[in-house]
There are 2 protein chains.
Amino acid sequence: MSTQTQAVQEGATRVADEVRRPFAGSRKIHVTGSRPDLRVPMREIAQSPTSTQFGAEDNPPITVYDTAGPYTDPEADIDLRRGLPDVRAGWIAERADSEALDGPTSAFGRERREDPATAGLRFEHLRTPRRATDGANVTQMHYARRGIITPEMEYIAIRENNRLAEMREAYEAAGLLAQHPGESFGAALPEEFTPEFVRQEVAAGRAIIPANINHPESEPMAIGRNFRVKVNANLGNSAVTSSIDEEVEKMIWAIRWGADTVMDLSTGKHIHETREWILRNSPVPIGTVPMYQALEKVNGKAEELTWELFRDTLIEQAEQGVDYFTIHAGVRLPFVPMTAKRKTGIVSRGGSIMAKWCLAHHTESFLYTHFDEICEIMKAYDVSFSLGDGLRPGSVFDANDEAQMAELRTLGELTDRAWANDCQVMIEGPGHVPMQRIKENMEAELSDCSEAPFYTLGPLTTDIAPGYDHITSGIGAANIGWYGTAMLCYVTPKEHLGLPNKHDVREGIVTYKIAAHAADLAKGFPGAQVRDNALSKARFEFRWEDQFNLGLDPDKAKEFHDETLPQDSAKVAHFCSMCGPHFCSMKITQEVRDYAAAQGVDSETALEAGMQEKAVEFRESGGKLYHEQ
Amino acid sequence: MSTQTQAVQEGATRVADEVRRPFAGSRKIHVTGSRPDLRVPMREIAQSPTSTQFGAEDNPPITVYDTAGPYTDPEADIDLRRGLPDVRAGWIAERADSEALDGPTSAFGRERREDPATAGLRFEHLRTPRRATDGANVTQMHYARRGIITPEMEYIAIRENNRLAEMREAYEAAGLLAQHPGESFGAALPEEFTPEFVRQEVAAGRAIIPANINHPESEPMAIGRNFRVKVNANLGNSAVTSSIDEEVEKMIWAIRWGADTVMDLSTGKHIHETREWILRNSPVPIGTVPMYQALEKVNGKAEELTWELFRDTLIEQAEQGVDYFTIHAGVRLPFVPMTAKRKTGIVSRGGSIMAKWCLAHHTESFLYTHFDEICEIMKAYDVSFSLGDGLRPGSVFDANDEAQMAELRTLGELTDRAWANDCQVMIEGPGHVPMQRIKENMEAELSDCSEAPFYTLGPLTTDIAPGYDHITSGIGAANIGWYGTAMLCYVTPKEHLGLPNKHDVREGIVTYKIAAHAADLAKGFPGAQVRDNALSKARFEFRWEDQFNLGLDPDKAKEFHDETLPQDSAKVAHFCSMCGPHFCSMKITQEVRDYAAAQGVDSETALEAGMQEKAVEFRESGGKLYHEQ
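As named in an unreviewed UniProt entry, chain A is Phosphomethylpyrimidine synthase, taken from Thiohalorhabdus methylotrophus. One UniProt comment on chain A, placed under Sequence similarities (unreviewed entry), says "Belongs to the ThiC family." In its Pathway (unreviewed entry) section, UniProt records this for chain A: "Cofactor biosynthesis; thiamine diphosphate biosynthesis."

So, in structure tokens, the structure goes:
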């Protein structure tokens, strides 16, 4: 076996503990829907009780949306060579509108299946691809428009509700339900998600469910302005090939930190095989840019690309199970000259490939001219469109320019053509945009693209911080998410400088989970503030472990705390090294509260009335106000 | 000598190279004003010429605002024991409204000067403190209101202009001047800063110049909505005492990365001596919270604090040269009960100390009742007020509540009282606020406090990411800076968890420089986009070193790039490891541009006309489109 092969086989047996280990204090739970095979995974974070001095009370466990899949479930028996268990196979079969094929129908898929050179790399249990039966349309949008509520839709309703209704009483009692009114800029968030609501959103095109019938391992999720803001992580190598198991492990690492979808942007010799391994082991939707592989097939010579070659690539990937394709069909010949005056030209790889092709042949993009044929493929497998913004700005200077807006209008026109085929669509957005011009992007997208979900890369709000572009873009992402973007494509600290490593991926995803959550809070997503409230209460009551566990990155929080106060006693201490043991600001209010409680009356009255008495008590208690060390 | 003493003496001789080293490609320049002793430091970043294939042209050096002081000047002879040279001593003396005292007039200051125990720690060249002559008022606001333009004001005008007028032609020629129109929410940014404009802003109270007459080493700067958004870094230890030289080095490290002011929040036995060392070596204004030291003097027993003790502490620190004091005079007795219903109570240390004192004595805060006497001290040395938000929210739950708003109104009332004494004032703000409620804070501050500069801590936009609060707050900071906040107090990744180390300080400051610059761009600050444009042009032309050097953190950018492509050849390569050598998206536009240039006509026309010809040329050139490796 080649070392590559060994890597795969070994990698398959061992999944590093750090990517599988359950989060401290958390356990995987499942909420069952209307049928036994509809079990929605969530993560439940246990909390310790409040100590007597803060008024001894139990604190309810907090349920959080869970993207990690079976990997964080100690019960789960994971073997990358076997892949994940099917979640949706039964549902897909029941619909009886698709059929199992004898094998791949793409020339490339067949070729690779027989290729002895890659035999060692091949995923063992290649599944037989399925395709819609003649004339059938298997998209979730098609079902939604015919009034059908699929199990996928019910699954998503349960998942987005995140047990809020069930927990309401417990949260209420613990004082965790209060939330600031949101400002949603036209988004219409429901008080509770119903399967019917999900159906309506998908039917209207305001949300998509990326769910290729050849990726039954995926746990259904929705991308739409009236759902939680989602985060995508881009993975994949470039020049230097990393081994397949590294790529698979990166995917598991990404969903651990909260990636809702993953785009596999791998290039190189074995992308077909790598993709198979990733899909079979991924519980989240996988997106790709088929053009990258098509270009590999013509050795990087864009001008040699043909519709036939591209078409074969779409089928190859659709039959593997890719859930959404980035298609740069909006890069039209007449728009290319508009980029001549730019500071950074065309920065989308797919966009520049097509611009190059258009110039070389001086004809309209084959993606644009063959768009209806692409729709035929998309609806035969339910691959969602992610209409690429090949002309997105690559610098603040180029933001919101003629080329970008011309392409956006074309994407709107293509959205209508895709919807005419009941194909699911989301629209890709910038890029680099200064803060005061971000809102225009959201508004233009909503009007030009009839409210199809917006999926943006950042945007970066300044160009002057290479090495910190997760932050320059996290600022823009939080804002555009608030304005209505449905999914935020992360940016790592390595953006513009190199390939992200595991550490960068974690930094990028956590930064984007912050942006997405800040946006959910700002929009007023029902129950979004519960986790903030619980963490703040734990912080005030010095429940350190709870504070760590309720955070987006418990490991880092604990590690930071322990740098200065490693001993266990510090985990119950009423201070941290910021202010030290001598005086911690959070204690005083507890005194006020206790006093009021003792009076058995409303705090304010008690305080107004008994302040004098309180004063005496204070002088007596003296130094006892802080926890003795 | 005690080890502490040794540390000081040794520390004094060696300033670590990493904190002094000039930035790669940068040199310190000085712009002289109307008098030879008015020399404003700036940093000039050199750029390499554009390679022939991108149309060979020279690229002008970029001037950037420089907070680092003499430390990054290789010419400067630094000795921490001697302190920095005076910048303002002559100007202060000329005004002939202050006199040199025989020595400290505070009891504590005198005591410490004679204390043999701390002799080894003492800064050698203690300067004789100055104070306003009887009845005189030495505040910059007092001068401004009498129509006097001080050298400090002229210095600031030159500094804020940042050579934009001088460089305009060069920037224009290089196509770097273009900038998006700003949205300033009522801020009135001038096209060019004049000394008279600075005077008017200070006279109106819309800006302050923190410039204690006992801190002549400071390089004048302004904090105001119509100036660049500034960043403050909090330094200082808590329980564990770090040695004095470590604190001084942390300050130098902070200004290297861009801190416009530094707050020394040190506690412990030697804060008086530590402060002296920091002030004598700091080119940026230093702020403190005098209450912290006052509390130390009564061994942490808040109820034992007295006005007399606090007053002595103000004089002690004013005579050392502290430029602004955080005074929590807005924490009034009747507001304390309003915090009883909060999730996280009182999170400001100074605020909780005063709340505790008020409760213990059941009387109004002595800071509030003695406010006019405090003004008398402030105007005798020109110490600016930073009216503390002792009741700021410590969680999203508590944001914008009754207690916070009641205190803000009181701060507005105190602003009027301070202004009646021609004392300079800025207002401290939150804290923890969800995005949709940030703007209210800015608007309330502007109306309640008559447009006095706002100085906020973040705000954090969510509570669920301990370990990443530089990011949760950087998002809020960028937004509130855009809305009109004049200075952003940084938050480090360690917030809520422990004391920041050097790495955390750098992360926090760079994050906040990003937020401040994003806000300047959004407001439309004149010339702000030049640096973004220059960096983007360098990026497009693959001038890697220029791209690193123009960034906020050249070291990290280079380090990240070199992780995957260390060899020098990669510094001229037309790709990075993100997309690899095979195909880099930025090349295509250059082809378009070159073609147009060759036709000697406007790009679009050329392209429309000659597209066919271009097509042929393309097919011929084929693979030559990318840089051969």
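Now, onward.
Evaluated as defined, the whole model comprises 33 aromatic pairs over all chains. With centroids separated by 6.3 Å and ring planes inclined at 90°, the aromatic side chains of Y324(B) and Y455(B) adopt a geometry described as edge-to-face. Here Y324(B) is found in strand 11 (residues 324-327), whereas its partner Y455(B) is found in strand 14 (residues 454-457), with 131 residues between them in sequence. Y455(B) carries the same exposure label as Y324(B), and that label is buried. The side chain of R332(A) reaches across the aromatic face of Y368(A), ending 4.2 Å from its centre.

This part is about the packing of helix 12 (residues 307-320) of chain B against helix 15 (residues 371-381) of chain B. Residues and elements named next belong to chain B. Contact geometry for helix 12 and helix 15: axes closest at 10 Å, N-to-C directions at 10°. Our classification of the angle between helix 12 and helix 15 gives roughly parallel. Facing W307, F310, R311, L314, I315, A318 and E319 of helix 12, the residues of helix 15 in contact are E373, I374, I377 and Y381. Residue composition of the contact of helix 12 with helix 15, grouped by class: eight nonpolar, no polar and three charged.

With that out of the way, let us pick up the sheet that holds strand 3 (residues 62-65) of chain B. All names here are of chain B. Spatially, three strands are ordered 1-2-3 in an open sheet, and the strand pairing comes out antiparallel. The open sheet terminates on both sides in strands that have one partner only, identified here as strand 1 (26-32) and strand 3. Across the sheet, the mean angle from the axis of one strand to that of its neighbour is 40°, orientation sign disregarded. Looking at chain direction, strand 1 and strand 2 (residues 39-45) are connected through seven bridges and run antiparallel. Bridging across to strand 2, V31 finds its partner in V40. Packed onto the sheet, helix 20 (residues 529-540) meets strand 2 and strand 3 and runs at close to 135° relative to strand 3.

For the structure on display, the rule yields 94 salt bridges over all chains. Across the salt bridge formed by R342(A) and D401(A), the nearest N and O atoms sit 2.7 Å from each other. Placement of R342(A) in the loop between strand 11 (324-327) and helix 13 (349-361) and of D401(A) in the loop between strand 12 (384-387) and helix 16 (402-420) is noted, with a sequence separation of 59 residues between them. Classification of R342(A) by relative accessible area gives buried; the value is 3%. In this structure, the salt-bridge partner of E563(A) is K494(B), at a minimum N-O distance of 2.8 Å. On the criterion of chain membership, the pair formed by E563(A) in helix 22 (residues 554-564) and K494(B) in the loop between strand 15 (487-489) and helix 19 (502-523) is interchain, its members lying in two chains. The partly exposed category is assigned to E563(A), whose relative accessible area is 44%. Here K494(B) falls in the buried class, since its relative accessible area comes to 1%. Each member of the salt-bridge network shares a partner with another, and the members are E57(A), K537(A), E541(A), R543(A) and D546(A).

Reading guide: rules and limits
Residues numbered from 1 in each chain as written. Chains lettered and ligands numbered in written order. Predicted model: local features only at pLDDT ≥ 70, side-chain atom pairs only at ≥ 80, totals over all residues. Heavy atoms only, no water. UniProt positions renumbered as here; feature names shortened; annotations may be inferred. Phe/Tyr/Trp six-rings, centres within 6.5 Å; stacked < 30°, edge-to-face > 60°. Helix = DSSP H or I, 4+ residues; strand = E, 2+ residues; numbered from the N terminus. Buried < 20%, exposed > 50% of the residue type's maximum accessible area, 1.4 Å probe, protein only. Lys NZ or Arg CZ within 6 Å of the ring centre and 35° of its normal. Axes fitted to C-alpha atoms, helices over the stretch in contact; angles between N-to-C directions. Parallel < 35°, antiparallel > 145°, perpendicular 65-115°, else oblique. Contact = heavy atoms within 4.5 Å. Nonpolar A, V, L, I, M, F, W, Y, C, P; charged D, E, K, R; others polar. Pairing = 2+ DSSP bridges. Salt bridge = Lys/Arg side-chain N within 4 Å of Asp/Glu carboxyl O.

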